[in-house]
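# Coordinates in review
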Amino acid sequence: MADTTPDVETDKCNDLLESLRRGRPAAGQDPVKRSQIIDGARRVFIDKGFEAASMNDITREAGVSKGTIYVYFANKEELFEALIEEERGTIFKNMYDILDRADDLRQTLVKFGTVLSMKITSARVIQAQRTVIGASDRIPDMGARFYERGPKRGHDKFMKFLNAAIERGLLKIDDVDLAAYQFTELCLAGLFRQCIFAYRTKAPSQEEIDHIVRSGVDMFLKSYGTEQLAEEESHQMIALEAKA
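Residues numbered from 1 in each chain as written. Predicted model: local features only at pLDDT ≥ 70, side-chain atom pairs only at ≥ 80, totals over all residues. Heavy atoms only, no water.

## Quick notes on helix α6 (residues 105–120)
Spanning 16 residues, α6 covers 22 Å between terminal C-alpha atoms, matching the ideal 22 Å at 1.5 Å per step. On its buried face, α6 sits against α7 (123–136), α9 (151–167), α10 (176–187), α11 (191–196), α12 (206–224) and α13 (227–243). The opening residue of α6 is D104, an N-cap whose side-chain oxygen sits 3.2 Å from the backbone nitrogen of R106. (Helix = DSSP H or I, 4+ residues; strand = E, 2+ residues; numbered from the N terminus. Expected span 1.5 Å × (residues − 1). Contact = heavy atoms within 4.5 Å. Polar contact = N/O pair within 3.5 Å; in protein donor to acceptor, adjacent residues only side chain to side chain.)

Laid out in structure tokens, this is it:
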């Protein structure tokens, strides 16, 4: 006897096409409704933390039914990860584009380090990281995915930038992986821990970040900069003085 069970994936595709023909999103495909749920979840997670938050809390805050929320997200963990991905995309969007404009190595490092430090110590990012840390104790895989999709991905992009500077003869680094981590720590010297543990009640000022980043870049280039870099910077200084 032939199998009469419908193909689930085919049915989903047909439902989606039919909904599009009718001019309305298919179940689970409405971006406005999805955003409404995520916005509600954001408020709940900030207020209660991951562990104490429930899907019932989120449905009430988002103003949707329980049936609706489960059409979009299978569970609280999936919803939280979607929220984190959206936050990351919004906050860190285009940040690494700075590294594509690398004519002046020192200035590029200062610009990148400044933006990196400002974003990581912002209240929004600190709150998100506290929530992830709290959830990671119970769901280690979530913490690992957060690191791989965020910090690790950014780390790899910065390593690529450093390798390009090495090829240009501007840097000499034996362990690029370590150097990339060192740069991040130099740009956040003392700031991140003070923020994450609420020792600071406000984000660092622009002046403080500027001072820390410039000092960090100086130290980084003193350790890894080449004679070629020193010569190029000397020529740049002479050219600037001549224009003055």
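Structure's up, so let's keep going.
## A look at the environment of T68
By the element assignment, T68 lies in helix α4 (residues 66–72). Residues T68 and I37, spaced 31 residues apart in sequence, show a C-alpha to C-alpha distance of 9.3 Å.

## Points about the packing of aromatic side chains
Enumeration according to the criterion identifies ten aromatic pairs in this entry. An angle of 20° between the planes, with centres 6.4 Å apart, marks the rings of F112 and F183 as stacked. With F112 in helix α6 and F183 in helix α10, this residue pair connects regions lying 71 residues apart in the sequence. For F112, a relative accessible area of 2% gives the class buried. A residue is classified by how much of its surface remains accessible, and F183, at 0% relative accessible area, is buried. A connected cluster of aromatic rings, assembled from ring pairs, spans Y96, F112, F158, F161, F183, F220 and Y224. For K76, the ring lying beneath its charged end belongs to F50, and the centroid distance is 4.5 Å. (Phe/Tyr/Trp six-rings, centres within 6.5 Å; stacked < 30°, edge-to-face > 60°. Buried < 20%, exposed > 50% of the residue type's maximum accessible area, 1.4 Å probe, protein only. Lys NZ or Arg CZ within 6 Å of the ring centre and 35° of its normal.)

## Points about the packing of helix α5 (residues 76–91) against helix α8 (residues 140–149)
α8 packs onto α5 with a crossing angle of 20° between their chain directions and a minimal axis gap of 11 Å. Classed by the angle they form, the pair α5 and α8 counts as roughly parallel. As α5 runs across α8, the sense of the crossing is right-handed. Contacts from E77, F80, E81, I84, E85 and R88 of α5 reach α8 at M142, R145, F146 and R149. Tallied by class, the residues present in the contact of α5 with α8 amount to four nonpolar, no polar and six charged. (Axes fitted to C-alpha atoms, helices over the stretch in contact; angles between N-to-C directions. Parallel < 35°, antiparallel > 145°, perpendicular 65-115°, else oblique. Left-handed = near helix turned anticlockwise from the far one by under 90°. Nonpolar A, V, L, I, M, F, W, Y, C, P; charged D, E, K, R; others polar.)

No statement about biological role is implied by the geometric values presented.
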